[in-house]
Amino acid sequence: MDMDLKDFMEFVQTTARSVGAEISSPWFYLQFGLILAAAGIAYAAEAAVRSRVDMTSLAMRWPLPLRHFVRVMVSSASTAVFTLLVIVSRVVMYHATWPSRSYLLMVAAKLGLAWLAIRLLTSVLRNAFIVKLVSITAWFVAALSILGQLDATVDLLDSFAIVLGGLRLTPLLVIKAGALLLIALWLTNIASNFAESRINSTTDLTPSVQVLLVKIIRIGLLAVAIVIALGTVGIDLSALAVFSGAVGVGIGIGLQKIVANFISGIILLADKSVKPGDLVTIGDNTGRISAMKTRYISVAAGDGREFLVPNEDLVTQKVVNWTYTDKNTLVKIAFGTNYDADPRLVCKLAAETAAAHPRAQKGKPPNSILTEFAEAGMKFSLTFWIADPDGMDNVKSDVMLALWDAFKREGIRVPYPVREIRVRGGALPVETIMEVPN
């Protein structure tokens, strides 16, 4: 460790001497001024380009690779103009004086070209955070290489290590593993998305089987990507066995629900008790399943809300699946009339009213029966079938409104409670209690 610290101090001292020698030269300030002037001109040029160029219609009829290149260059107009001006300044100074007097311009030009190349390569990515992370990391590595400090930085990062069992953990190893994992996960996401699109386009598979296959493929590709990335950087997977106990303790203490929801999600996909598109009632919430995730399912209520229900709740609690085996739904309507009405006529009117609704199934005629002679009147039950439970409340409302109109035409009244209060003698008796003084 003492030798590593000594090398680090020598590296810092050498870098400081070279920077000091460069700053002490008057040519440094001339180059720095040219760089600042190029940056100002580039900023103004980018503002002018963005105000005059429509990015949506730019080069629409050009070939796709050329159109993509032009759009990247326009979006990075300031960097392109800056790099071009610095290159021109470098060429002029190179032929007018000693090459060493334009060294800073050469470095700035190479850094600008490196950023343009990185920007062009990362433009194929869609995630903004990944684009920024990859761009900054790649440009930092390119800058170290241009300055000739890449090997020294690599040696420095590899000199500090922590040994865990048989694993030698260094900053360089962590950076390499992180970069390879990022690339592997990106490729895994592309492959899994392609597999998902092909599976979802297959009409022979049910929605639940499609979701199950997609999850299995994603998990499998993720495991393979992690193993390949760690093996590529030289990490022996057997050395990670020391962490297995900690992971088991973590699952036992704080991750029970996560693991339970994950296993419950696999069970739900395998037994097909619920699947995307089913209309379900969970507790007081009713809606259609819009998505099944690893940890939860999403139930769209139809009014803009979505309930995220943990998978474990669907396995352990009562769930009403309106479309489990059949979408046909029985609609029940309870109503009452007074005793002046003919109950046979009431049953006939109710059945005809329900049959007239456009969503009532013709092959299953409605049925209306007298259920009770109550204190306030007669009670009836009307049942009829519809082909789909969607909008069942609207169907009930339509039938009840039509039934109300039919009752009014026939003079049938719907009973409602009436209360009478009678006061005899004009006043209520009041009991008077007299207190006896001591």
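Structure first, text after, so check above.
Residues numbered from 1 in each chain as written. Predicted model: local features only at pLDDT ≥ 70, side-chain atom pairs only at ≥ 80, totals over all residues. Heavy atoms only, no water.

Colleague: Any chance you could explain the overall build of the chain here in plain terms?
Modeller: Across its full length, the chain holds 14 helices and 10 strands. Counting only residues that meet the buried cut, the chain has 28% of its 438 residues in that class. Long-range contacts, defined as pairs at least 24 residues apart, comprise 61% of the intrachain contacts of the chain with a sequence gap of at least 6. Carbon and sulfur atoms make up 65% of the accessible area of the chain, which totals about 28,600 Å². (Helix = DSSP H or I, 4+ residues; strand = E, 2+ residues; numbered from the N terminus. Buried < 20%, exposed > 50% of the residue type's maximum accessible area, 1.4 Å probe, protein only. Contact = heavy atoms within 4.5 Å. Areas by Shrake-Rupley, 256 points an atom, 1.4 Å probe, with all protein chains shown as cover.)

Colleague: So what exactly am I meant to see when it comes to the packing of aromatic side chains here?
Modeller: Each aromatic ring pair is characterised by the separation of its centres together with the angle its planes make. A full pass over the atoms with the stated rule returns 3 aromatic pairs. Judged by centre distance (5.9 Å) and plane angle (50 degrees), the rings of Phe 335 and Phe 407 are tilted. Note that Phe 335 is positioned in strand β8 (residues 329-337) and Phe 407 in helix α14 (residues 392-410), a separation of 72 residues in sequence. Judged by its relative accessible area of 13%, Phe 335 is buried. Judged by centre distance (6.3 Å) and plane angle (20 degrees), the ring pair of Tyr 339 and Phe 373 falls under stacked. Pair noted here: Tyr 339 is in the loop between β8 and α13 (343-355) and Phe 373 is in strand β9 (residues 367-373), with a separation of 34 residues, a long-range link. Residue classification places Tyr 339 among the partly exposed residues on the basis of a relative accessible area of 43%. An aromatic cluster is built from Phe 335, Phe 380 and Phe 407, whose rings are joined through pairwise contacts. Across from the ring centre of Trp 385, 4.3 Å away, lies the NZ or CZ of Lys 364, which sits over that ring. (Phe/Tyr/Trp six-rings, centres within 6.5 Å; stacked < 30°, edge-to-face > 60°. Lys NZ or Arg CZ within 6 Å of the ring centre and 35° of its normal.)

Colleague: What is the right way to read the sheet that holds strand β6 (residues 306-310) from this model?
Modeller: Whether parallel or antiparallel, the strands of a sheet pair through hydrogen bonds between backbone atoms. Strand order in this open sheet of 5 strands is β6-β5-β4-β3-β7, and the pairing throughout is antiparallel. This sheet does not close on itself; its edge strands, each paired only once, are β6 and β7 (319-321). Strand-to-strand twist in this sheet, taken as the mean axis angle between neighbours without regard to direction, amounts to 40 degrees. In terms of strand pairing, strand β4 (residues 285-292) meets strand β5 (residues 296-300) through 4 bridges, oriented antiparallel. Residue pairing across strands places Ile 289 opposite Val 299, the latter belonging to β5. (Pairing = 2+ DSSP bridges. Axes fitted to C-alpha atoms, helices over the stretch in contact; angles between N-to-C directions.)

Colleague: Quick question: what am I supposed to make of a nonpolar patch on the surface here?
Modeller: On the surface, a cluster of nonpolar side chains totalling about 440 Å² of accessible area is made up of Ile 219, Val 259, Phe 262, Ile 263, Ile 267 and Val 315. A total of 4 residues in the nonpolar patch trace back to one element, the largest contributor, which is helix α11 (residues 256-271). Here Ile 219 lies in helix α9 (residues 207-232). (Patch = residues over 30% accessible without salt bridge, like charges linked within 9 Å, V, L, I, M, F, W, Y side chains within 5 Å. Salt bridge = Lys/Arg side-chain N within 4 Å of Asp/Glu carboxyl O.)

Colleague: Just to check I follow, could you spell out the packing of helix α2 (residues 26-52) against helix α4 (residues 77-96) for this structure?
Modeller: Two measures define how a pair of helices packs: the angle their axes make with one another and the distance between the axes. Contact geometry of α2 with α4 gives a least axis separation of 8 Å together with a crossing angle of 145 degrees. Here the hand of the crossing between α2 and α4 comes out right-handed. Across the interface between the two elements, Trp 27, Leu 30, Gln 31, Leu 34, Ile 35, Ala 38, Ala 39, Ile 41, Ala 42, Ala 45, Glu 46 and Val 49 from α2 touch Ala 77, Ser 78, Val 81, Phe 82, Leu 85, Val 86, Ser 89 and Met 93 from α4. Taken together, the residues that form the contact of α2 with α4 break down as 16 nonpolar, 3 polar and 1 charged. (Left-handed = near helix turned anticlockwise from the far one by under 90°. Nonpolar A, V, L, I, M, F, W, Y, C, P; charged D, E, K, R; others polar.)

Colleague: Whenever I open this one, the side chain of Thr 383 confuses me. Can you help?
Modeller: Within the element layout of this structure, Thr 383 appears in strand β10 (residues 378-386). Classification of Thr 383 by relative accessible area gives buried; the value is 18%. Setting aside residues no more than four positions away along its own chain, Thr 383 makes contact with Leu 330, Val 331, Lys 332, Pro 366 and Asn 367.

Colleague: Explain helix α6 (residues 128-146) to me, please; I cannot follow it from the model alone.
Modeller: Two residues of an α-helix separated by three or four positions point the same way, owing to the 3.6 residues in each turn. Between its first and last C-alpha, α6 extends 27 Å over 19 residues, near the 27 Å set by a 1.5 Å rise per residue. Those residues of α6 not exposed but buried are Val 131, Ser 135, Ala 143 and Leu 144. One or two steps after α6, the chain reaches Gly 148, where phi turns positive at roughly 75 degrees. (Expected span 1.5 Å × (residues − 1).)

Colleague: Would you take a moment to explain the packing of α4 against helix α5 (residues 103-122) for this structure?
Modeller: Close contact between α4 and α5 brings their axes to 9 Å; oriented N to C, the two are set at 150 degrees. Considering their axes alone, α4 and α5 lie roughly antiparallel with respect to each other. Regarding α4 and α5, the two cross each other, and that crossing is left-handed. Across the interface between the two elements, Thr 79, Ala 80, Phe 82, Thr 83, Val 86, Ile 87, Ser 89, Arg 90 and Met 93 from α4 touch Tyr 103, Leu 105, Met 106, Ala 108, Ala 109, Gly 112, Leu 113, Trp 115 and Leu 116 from α5. Of the residues in the contact of α4 with α5, the class split is 13 nonpolar, 4 polar and 1 charged. (Parallel < 35°, antiparallel > 145°, perpendicular 65-115°, else oblique.)

Colleague: I would appreciate a short explanation of the environment of Ile 183 in the present structure.
Modeller: For Ile 183, the location among the structural elements is in helix α8 (residues 171-200). A residue is classified by how much of its surface remains accessible, and Ile 183, at 46% relative accessible area, is partly exposed.

Colleague: Help me understand the pairing of β10, please; the structure alone is not making it clear to me.
Modeller: Taken residue by residue, a regular strand's side chains alternate between the two faces of the sheet. Pairing of β8 with β10 involves 9 bridges; the strand directions are antiparallel. Following the sheet pairing, Phe 335 is matched in β10 by Phe 380. Judged from the 6 bridges that link them, β9 and β10 form a sheet pairing that is antiparallel. Bridge pairing in β10 links Phe 373 to Met 378.

Colleague: Help me understand the sheet that holds β9 in this model?
Modeller: Within the open sheet, the 3 strands sit side by side as β8-β10-β9. Their pairing is antiparallel. Each edge of the open sheet is held by one strand with a lone partner, namely β8 and β9. Strand-to-strand twist of the sheet, defined as the mean angle between neighbouring strand axes without regard to direction, takes the value 25 degrees. Against the sheet, α13 contacts β8, β9 and β10, and its axis sits at roughly 25 degrees relative to β10. Most of the contacts of α14 go to β8, to which it runs at about 35 degrees, and overall it touches β8 and β10.

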